[in-house]
Amino acid sequence: MKHPQSRGALTQLVELMQLEERARVCLTRGEAKVCIRKADAAKRQLWGSTEGTMS
């Protein structure tokens, strides 16, 4: 039996991976910072603390 929140977590993980990929292909440092901050927020939502990442 699958947990109902597993699908939500999987979706969030895919979105996180997409954000990280966007950060890799950004043309400017500013664009990359925005993507990284969004990815950090997604990580905090999934796993809690993201110590050692950008604030």
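Our subject is the structure that appears above.
Now for a look at the structure at hand. From a predicted model like this one, the values you see are computed outputs, not experimental measurements.

Conventions we followed
- Residues numbered from 1 in each chain as written.
- Predicted model: local features only at pLDDT ≥ 70, side-chain atom pairs only at ≥ 80, totals over all residues.
- Heavy atoms only, no water.
- Salt bridge = Lys/Arg side-chain N within 4 Å of Asp/Glu carboxyl O.
- Helix = DSSP H or I, 4+ residues; strand = E, 2+ residues; numbered from the N terminus.
- Buried < 20%, exposed > 50% of the residue type's maximum accessible area, 1.4 Å probe, protein only.

### Examining the pattern of salt bridges
For step 1, the next point in the chain: In the structure shown here, the tally under the stated rule is two salt bridges.
For step 2, the next point in the chain: Two residues, Lys-43 and Glu-20, come together in a salt bridge whose shortest N-O distance is 3.4 Å. With a gap of 23 residues between them, Lys-43 in helix α2 (residues 29–47) and Glu-20 in helix α1 (residues 4–25) connect regions that are remote in the sequence.
For step 3, the next point in the chain: When its relative accessible area of 25% is taken as the criterion, Glu-20 is described as partly exposed.
For step 4, the next point in the chain: Among the salt bridges present, the one from Arg-24 reaches Glu-21, with a minimum N-O distance of 2.9 Å. In this pair, Arg-24 and Glu-21 both sit in helix α1, three residues apart, roughly one turn of the helix.
For step 5, the next point in the chain: When its relative accessible area of 40% is taken as the criterion, Glu-21 is described as partly exposed.

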